[in-house]
Each structure stands twice: as structure tokens, then as C-alpha cells.
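Next come the chains, spelled out residue by residue.
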Amino acid sequence: MPVPELPPPRSSLPEAVTRFGATVPGAVAARADETGAAVGAFSGAHTLPTLPAGLPSGPSPTALPSTAAPAVTGSPGPGGGLERLLRGPHGLGTAGLRLTPREEPPAPVAADKGRPIPGLYHHPVPEPDPGRVDEVSRRIKAWALDEVSLYPEEWEEQFDGFSVGRYMVGCHPDAPTVDHLMLATRLMVAENAVDDCYCEDHGGSPIGLGERLLLAHTALDPLYTVGEYQPDWAASLHADAPRRAYRSAMDYFVRAAGPSQADRLRHDMARLHLGYLAEAAWAQQDQVPEVWEYLAMRQFNNFRPCPTITDTVGGYELPADLHAQPDLQKVIALASNATTIVNDLYSYTKELDAPGRHLNLPVVIAEREGLSDKDAYLKSVEIHNELMHDFETEAAALAAACPVPSVGRFLRGVAAWVDGNHHWHQSNTYRYSLPDFWQERRNHL
């Protein structure tokens, strides 16, 4: 059988785009930024990708009644990413075209706060603004304890170890105030409470999950029923920690967001809950899905509700008709899928040490494709990298095709969320550690 001709390595819009920053054919002429002092927040704790020449960053943020923590000023962090893990054909469906064995990644380099996964395509970012981190951390703990009674005393170490303040400050560098950051932070904590208490670590179970999720979802998407039963529903919103957290976090959010932004979040939370139910069904049946089925589930059970609110947290609004455009929906989906595979990879050892079988991409690939744990993990890195390159390609093309200020700023916000999400996973050594594949390699040298 003749050897198939290998396609040349693919780049993201060759000669056109570097993280939305190079000259894009057809881009409008360069002009002064229209956002004035509001863009100063972008130069703080996180370096955002630049847009194609001439695309302004959007309207000035909407001020909430708060005193913002000062933004850190300083030199921007390094740009660019790591080289692709492997040469030759890349991604789903190309394994049969490989002419050489899968290459080993280089050994990880020690860092002050965790180590990135070798070969994982990502963009290093500076540490989040410590002043904002401290203030968000203080406020979210007060909210969790005093407003929603989220967790008992014995869970405090886990709550602190989650480092949600660092997480959200790093993911939303354009938030104009700490109040804006708190919109995302409360929702992140509430979503994790639902995941832990309904699905996983703290009493979760696939049995009866549909009922629990539906009732919790009414804290986000209110029930409108007859007067006789309305008080029973209202009382149910305080029945457990996840519902209390959802109700409170959503109440803060809808007071700051526009109607279409709030409805957008409700829709993406329904997607998330649908993904939870698919994973629960596999758990009840003790079934490992096909790889493509797992990836389909991960497009729903993923981080999408977080980057989808980047405009609300940034203090502006991407109009509903623009957000609904298929090309923008594809960009959001690709970014969310990539960031969720990051979670699969960094939480791999944590989940292996937990009771029972936890599905993640390396586990599913190893089971379904007969690969060793190591090769399944490395193939998962490849899949992540392809998703990331596709996200950047599609985002750059959209920025060039739709030079609308709010679209450009939204794309930068999603990209910043992707970078901040990776940085938090890499640096949260309380929760995550890398598998010993690279240690094994060093021992054999």
C-alpha cells in the first residue's frame, strides 16, 4: 500500500495572525483606541492578546458602586506558546498516518508555582494582581460563610486550597472593579458546590441527579407557577448549600447584567447540567464511552458558563445578535473545550487517587483505543493542542471578518480566560500534580 502524502504542518492563519495581533488581510486601518482609561485595566495583572490592527476594544466599562482594588502595572508577560508536541499529521483520525513512533516530550522545568505539562500549547501569563486576589479571596469567603452557609468547618482547608480569588482575577484581567470580579467568583464557587455535592466528592451520586439539578436550576431560571405552590418553591431555594449558592450568585449577577446576558448564562448552565447527566448515566451503567462520545459530553460539561460572561465581568455587553452568530458560538465552544481538557490533564493524578473510576480524556482513550496510560495522556495533550489552534484560528478569522468593537473585546476576554485558566491549573499545587511519566524518562537516562 502506498504511503499517504503527509500534509504540511498547519498554522493559525499563516502570515496573518499571532494571537489576534498581526496584520490581517482586510482589517480596517489602525486608529486610536476608543476606550480611554478603561483599557488601562488591561495592562495590569494579565497581558491580553492584541487584536488585528484597527479594531478598537469596545465601550467603556459600566461602573458598579465599588472602590476597585488598584491594578498592577508592570511589564507584560511573555507571549507565544510551546511547539506542538509531535510533528506530522495532527489530531483526531490521523493516528494511522504516523510514520514514526510518538515522540517523548521534554522533561518539565521547575517553576516557582507548579510546572506546565510538557508539550501543552499555552500562553504564559504574569501572576494575578495580589491586591485584587486578596480582596476577592476575603469577600468570597465572607459570602460563602455568612450569606449562603456554603460549607462546614471541616471543608475550610479545601475551600482555601481552591484559590478561587487567584483563579478569577487571573481569568478576568479587564474587570474594572472588584465588584465585577465577584460576579464571576460567586458563580464559580456555586458551580463547584453543585458539582461536589450533587455529582462528586461531598456526597454526590449519579442516582437521582436529574431531579437535584432540575430543582437547583430553578435558582437560576425562576419558576413561575400558581400562588398556592410558589412559597414552597421559594423555600426550596434555601434547602441545601448548592441551591443557596446558585440563588445568591445569580441574584448578584442579574442586577449587574443585561437581560440577554442573564439569559445567555441560564442557557449555558442548562448545557452544563445536561453534560452532568450524560456522565452520570455512564457511571450508573459502569460504561466507558467512545472517545468521540466523551468529547461530545465535554462540550456540554465544560467551563463554558465562565468565559461566556466575560463581557458582564468586563463591564460592557456583547449584543445578543452578535453573541448568537454561529462563528462566535464556535469560538466559545472551542475555547471551552480546550480549557476543560486542561482540567482533565492537570487533575489526572488527583482523580486516579480518588475512590471509584473517574472519567477523563486520558482514561477514556486508554480504555477505548488500547493505549498505555502514558500514550493516552500524550494523545490527550495533542487533542488539547489541536483544539487550541482551532480556537485561535477561528477567533482571528472572526476578528478580521467582524471588526465590531464589542466583538473584538469579547474575543480578547475569552482568550484571557483561556490563559488564566491554564495558569491557575498549573500553579495550584494544592490540588494538582503532574503524572510521573517524565520522571520515569529521566530515571532511564
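Cut-offs applied
Residues numbered from 1 in each chain as written. Predicted model: local features only at pLDDT ≥ 70, side-chain atom pairs only at ≥ 80, totals over all residues. Heavy atoms only, no water. Core = buried A, V, L, I, M, F, W, Y, C linked by side-chain atoms within 4.5 Å. Buried < 20%, exposed > 50% of the residue type's maximum accessible area, 1.4 Å probe, protein only. Helix = DSSP H or I, 4+ residues; strand = E, 2+ residues; numbered from the N terminus. Axes fitted to C-alpha atoms, helices over the stretch in contact; angles between N-to-C directions. Parallel < 35°, antiparallel > 145°, perpendicular 65-115°, else oblique. Left-handed = near helix turned anticlockwise from the far one by under 90°. Contact = heavy atoms within 4.5 Å. Phe/Tyr/Trp six-rings, centres within 6.5 Å; stacked < 30°, edge-to-face > 60°. Salt bridge = Lys/Arg side-chain N within 4 Å of Asp/Glu carboxyl O.

**Some details on the nonpolar core**
Part 1 of the argument: Membership of the largest hydrophobic core comes to 106 residues, with the highest contact counts inside it found for I117, L150, Y167, F253 and F391.
Part 2 of the argument: With 14 residues, the single largest contributor to this core is helix α4 (residues 178-199).

**Describing the packing of helix α12 (residues 326-346) against helix α15 (residues 373-401)**
Part 1 of the argument: Contact geometry for α12 and α15: axes closest at 9 Å, N-to-C directions at 155°. In this view, α12 runs roughly antiparallel relative to α15, as classed from their interaxial angle. Both α12 and α15 take part in a crossing whose hand is left-handed. On the side of α12, the interface is formed by D327, L328, K330, V331, L334, A335, N337, A338, I341, V342 and L345, while α15 contributes Y377, S380, V381, H384, L387, M388, D390, F391, E394, A395 and L398.

**Some remarks on unusual backbone geometry**
Part 1 of the argument: In the Ramachandran plot, S149 falls in the positive-phi region, its phi being about 45° despite a non-glycine side chain.
Part 2 of the argument: Secondary-structure assignment places S149 in the loop between α1 (130-147) and α2 (156-162).
Part 3 of the argument: We classify S149 as partly exposed; its relative accessible area is 46%.

**Some thoughts on the packing of aromatic side chains**
Part 1 of the argument: Counted according to the given criterion, the structure contains ten aromatic pairs.
Part 2 of the argument: Ring geometry for Y151 against F159: centres 4.8 Å apart, planes inclined by 25°, an arrangement best described as stacked. Here Y151 matches F159 in class, with each residue buried.
Part 3 of the argument: Relative to W417, the ring of Y167 lies with its centre 6.1 Å away and its plane at 40°, an arrangement referred to as tilted. Here the residue Y167 occupies a position in helix α3 (residues 164-171), and W417 occupies one in helix α16 (residues 405-427), the gap between them amounting to 250 residues.

**Overview of the pattern of salt bridges**
Part 1 of the argument: Inspection of every chain in the model, using the stated rule, returns 17 salt bridges.
Part 2 of the argument: Its salt-bridge partner being R139, residue D179 comes within 2.5 Å of it at the nearest N-O pair. A residue pair is termed long-range when its members are at least 10 positions apart, and D179 in helix α4 and R139 in helix α1 qualify at 40 residues.
Part 3 of the argument: Among the ionic pairs, D251 bridges to R255, the shortest N-O distance being 3.1 Å. In this pair, D251 and R255 both sit in helix α7 (residues 241-256), four residues apart, roughly one turn of the helix.
Part 4 of the argument: Taking the relative accessible area as the measure of exposure, D251 reaches 34% and is therefore partly exposed.
Part 5 of the argument: Exposure remark for R255: the relative accessible area of 58% places this residue in the exposed category.
Part 6 of the argument: Through salt bridges with shared partners, one network takes in E135, R138, R139 and D179.

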